[in-house]
Number of protein chains: 2
Amino acid sequence: MTLIDGKATAATIKAEIAERVKEIVAAGNKRPHLAAILVGHDGGSETYVANKVKACEVCGFKSTLIRFEDTVSEDELLSKVRELNEDADVDGFIVQLPLPKQISEQKVIETIDYRKDVDGFHPINVGRMAIGLPCFISATPKGIIELLKRYEVPTSGKKCVVLGRSNIVGKPMAQLMMQKCYGDSTVTVCHSHSATLKQECREADIIIAAIGRPDFVTADMVKEGACVIDVGTTRVPDNTKKKGFRLNGDVKFDEVAPKCSFITPVPGGVGPMTICMLMQNTLLAGEKAIYK
Amino acid sequence: MTLIDGKATAATIKAEIAERVKEIVAAGNKRPHLAAILVGHDGGSETYVANKVKACEVCGFKSTLIRFEDTVSEDELLSKVRELNEDADVDGFIVQLPLPKQISEQKVIETIDYRKDVDGFHPINVGRMAIGLPCFISATPKGIIELLKRYEVPTSGKKCVVLGRSNIVGKPMAQLMMQKCYGDSTVTVCHSHSATLKQECREADIIIAAIGRPDFVTADMVKEGACVIDVGTTRVPDNTKKKGFRLNGDVKFDEVAPKCSFITPVPGGVGPMTICMLMQNTLLAGEKAIYK
């Protein structure tokens, strides 16, 4: 069984990005610049954004954090988005989700210039990904593809079961895994209404669990030799932890791991790759590698 | 076994559309207007476009056919597209594919105003469909969803196998079938590299074959009581036909049909629904039901 070390892989990739940034700057070009908008003071969002800013430093990017109180109006937020769209120094930017109720997340996403949409949430990027055109691919599915590639997990022609059909993980994951240039797999998407979910899992060479239910995937659902990717990060109360909770994956790791050819742990598997792929998208934006 | 009659269903829907158009016009509003650009004289394209124009008449739409010789330059075609984008009288338009080699189909598609893209090929419509937002859904997958609905084929929680991963059928079909508001099925996409294709088919409650290989789906691949939707329309030489060919589906109809709960014939199944759904999209465009 090979433990897929997302933390180490992310560190390697960030080092590769930092090298590339050095070259860019040495050639007299602009340092890539990521801006992040953070609304309110949600603990999770604060942590994510702080980690993104930190990752920018590691990669040698310029970063800008823009804060709003959670009383901000939609108009105010949208005009900041438009300002960033126009700002030639900003290569890419994100608006940390979730947003307060008075603001339409979809409207915010669609207002972002798709050429700066390093989160890959704009319908143009979603659509281009589906068709197989160059685009910003959202970070979590992109990170999983990268892990499979770097660990040389065989995917072509293999049966891949994706658990969950969310817009940010399940659906794009399925699309990437079925495409010839990425997974080239036979892809099955299961969800809460799937009658044959367990059977599908038992036949899978690769399981990608993104269903948000702690310990949902048990040993009896996994074929001997399967590769299991755990995207779950549910906060479960845990008094032994300083923060009072732990991150729990969708996979019952202890009993599933011994059956696997490859498995990702939680934390330290898919999680660290997500921010790292945001960095890679920022680099692509800075280099104008996808859109001019 | 129920034979799904696409021809009759399409006729019913077109009659429904015609009724709605009468109401629109009686209320003093503009008649919906579809324009079609046809480049060159390819036999298949000529037939498709002629059928689309005919369907417009049946529905009470205004239609405009714009012809170019196959020597037209990309610039010339793109400027006509831009002209139609600006023409307030045109509610929706299509550019019949394929296009001659000197023209980038993707560039043409992306130049069409997505609010008039009744073919649903623009990345914005593709992306919005993937996310589950209102949009123009491309005609063939939309027609299949409509047939399943009108024939009350159970789909929720069922296993649906899509054969083929093309951008215009396989991929959007999979996306619709997995979404809660459409199929709500467990969806598996198989393709030429799928090692377990036959097994997947044997377990399927619904098979949607869009692989373009005549008679590919045989009786041994179909579970008793399955619903089989045949999207294949390969032209096979046939001297008994006036045109010298017949349209052959992806399903070996004679041996598969007896095992099915529902099946679509070729021709007369999915085919007639495609143009009919283009009409429905044109109606939606005329009513500004999706985009203002």
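Residue numbers here run from 1 along each chain, matching the order of that chain's written sequence. Throughout, the order in which chains and ligands are written sets their labels, letters from A for the former and numbers from 1 for the latter. Only residues with pLDDT of at least 70 get local features here, since the model is predicted, and only at 80 or more are side-chain atom pairs given and counted; chain-wide, interface and lining totals rely on the full set of residues.

## Brief notes about the overall build of chain A
Of the regular secondary structure elements, chain A holds ten helices and eleven strands. Scaling as 2.2 N^0.38, a compact globule of 292 residues should have a C-alpha radius of gyration of about 19 Å, and chain A matches this with 19 Å. A principal-axis box enclosing the C-alpha atoms of chain A has dimensions of 55 × 40 × 35 Å. Here the C-beta atoms are placed from the backbone, and a residue counts as buried if at least 20 other C-beta atoms lie within 10 Å of its own, exposed if 12 or fewer do, and partly exposed otherwise. When burial is assessed residue by residue, chain A has 50% of its 292 residues classed as buried. Secondary structure counts use DSSP, requiring at least four H or I residues in a row for a helix and at least two E residues in a row for a strand, with both numbered from the N terminus. Here the globule rule reads 2.2 Å times residues to the power 0.38, and the radius of gyration is calculated from C-alpha atoms.

## With respect to the relation of the copies chain A and chain B
Least squares is used to superpose the copies, and the fit set is the C-alpha atoms of residues whose pLDDT is at least 70 in both copies. For the pair chain A and chain B, the best superposition has an RMSD of 0.0 Å and corresponds to a rotation of 180° with a translation of 0.0 Å parallel to the axis. Such a combination of turn and shift is consistent with a two-fold rotation axis. Here 100% of the interface residues in chain A have copies in chain B that are interface residues too; the copies meet face to matching face. The contact criterion used is a C-beta to C-beta distance within 7 Å, with each C-beta placed from the backbone.

## Quick word on the interface of chain A and chain B
Taken together, the contacts link 25 residues of chain A with 26 residues of chain B. Mapped onto the side of chain A that touches chain B, the elements with two or more residues apiece are α5 (123–131), α7 (170–178) and β6 (186–190) of chain A. At seven residues, the largest contribution of residues to the side of chain A that touches chain B is made by α5 of chain A. Ten residues, namely Ala, Val, Leu, Ile, Met, Phe, Trp, Tyr, Cys and Pro, are considered nonpolar, four, namely Asp, Glu, Lys and Arg, are considered charged, and the remaining ones, Gly among them, are considered polar. Class assignment of the residues belonging to the side of chain A that touches chain B gives a composition of ten nonpolar, nine polar and six charged. Two strands are counted as paired when DSSP detects at least two bridges linking them. In terms of strand pairing, β6 of chain A meets strand β6 (residues 186–190) of chain B through three bridges, oriented antiparallel. By the bridge assignment for β6 of chain B, threonine 188 of chain A is matched with threonine 188 of chain B.

## Examining helix α6 (residues 139–150) of chain B
Residue and element names in this part refer to chain B. In a regular helix each residue adds 1.5 Å, so twelve residues correspond to 16 Å; α6 covers 16 Å between its end C-alpha atoms and thus fits that length. Among the twelve residues of α6, nine are classified as buried, and the element is accordingly described as predominantly covered. Of all the residues in α6, the buried ones are Ala139, Thr140, Pro141, Lys142, Gly143, Ile144, Ile145, Leu147 and Leu148. Contacts made by the buried residues of α6 are with α1 (6–26), α7 (170–178), β7 (206–209), β8 (227–230) and α10 (270–286). Where α6 ends, the next residue or the one after it, glutamate 152, has phi of about 50°, a positive value. One less than the number of residues in a helix, times 1.5 Å, gives the span that helix is expected to have.

## Details of the nonpolar core
Ile207 and Ile208 of chain A together with Ile207 and Ile208 of chain B are the most contacted members of the largest nonpolar core, which has 180 residues in total. Non-local contacts of isoleucine 207 of chain B, meaning those with residues more than four positions away in its chain, are made with Val161, Leu163, Cys201, Val217, Val222, Ala226, Val228 and Ile229 of chain B. To count as a nonpolar core, a set of buried Ala, Val, Leu, Ile, Met, Phe, Trp, Tyr and Cys residues must be joined through C-beta atoms within 7 Å.

## Let's talk about the sheet that holds strand β3 (residues 62–68) of chain A
Two orientations exist for strands paired in a sheet by backbone hydrogen bonds: parallel and antiparallel. Residues and elements named next belong to chain A. The strand order across the open sheet formed by three strands is β3-β2-β4, and the pairing between neighbours is parallel. Pairing within the sheet leaves two strands with one partner each, and these edge strands are β3 and β4 (92–95). This sheet shows a mean twist of 15° between the axes of neighbouring strands, independent of strand direction. Only C-alpha atoms enter the line fits that serve as axes; for helices the fit covers just the stretch in contact. Angles between N-to-C directions range over 0 to 180 degrees. Sheet contacts for helix α3 (residues 74–86): β2 (33–39), β3 and β4; angle to β2, the most-contacted strand, approximately 180°.

## As for the domain arrangement of chain A
Reported domain spans reflect what an automatic or database domain assignment gives. Partitioning chain A into domains gives domain 1 (27–125) and domain 2 (139–271). Here domain 1 of chain A and domain 2 of chain A have C-alpha centroids that lie 28 Å from each other.

## Concerning the pairing of β7 of chain B
Residues and elements named next belong to chain B. Side-chain alternation along β7 places Ile206 and Ile208 on one buried face and Ile207 and Ala209 on a second face that is also buried. Note that strand β5 (residues 159–163) and β7 share four bridges and pair parallel. Across the sheet, residue valine 161 finds its bridge partner in β7, namely isoleucine 207. Where β7 lies against β8, four bridges are found, and the strand directions are parallel. Directly across from isoleucine 206, in β8, lies its bridge partner cysteine 227.

## Focus on the packing of helix α6 (residues 139–150) of chain A against α7 of chain A
When two helices pack together, you describe them by how their axes are tilted relative to each other and by the distance separating the axes. Residue and element names in this part refer to chain A. Between α6 and α7, the least distance of the axes is 9 Å, while the angle of their chain directions is 35°. The chirality of how α6 crosses α7 is right-handed. Contact residues: α6 offers Pro141, Ile144 and Ile145, while α7 offers Pro172, Met173 and Leu176. Each crossing gets its hand from how the near helix is turned against the far one by less than a right angle, where anticlockwise is left-handed and clockwise is right-handed.

## Examining the packing of α6 of chain A against helix α10 (residues 270–286) of chain A
Residue and element names in this part refer to chain A. Interaxial distance between α6 and α10 falls to 8 Å at its minimum, and their mutual angle equals 110°. Viewed along their axes, α6 and α10 adopt a mutual orientation that is roughly perpendicular. Within the contact between the two elements, α6 uses Ala139, Thr140, Lys142, Gly143, Ile144, Glu146 and Leu147 and α10 uses Val270, Met273, Thr274, Cys276, Met277 and Leu278. In the contact of α6 with α10, the residues fall into eight nonpolar, three polar and two charged. Roughly parallel means an angle under 35 degrees; roughly antiparallel, over 145; roughly perpendicular, 65 to 115; everything else is oblique.

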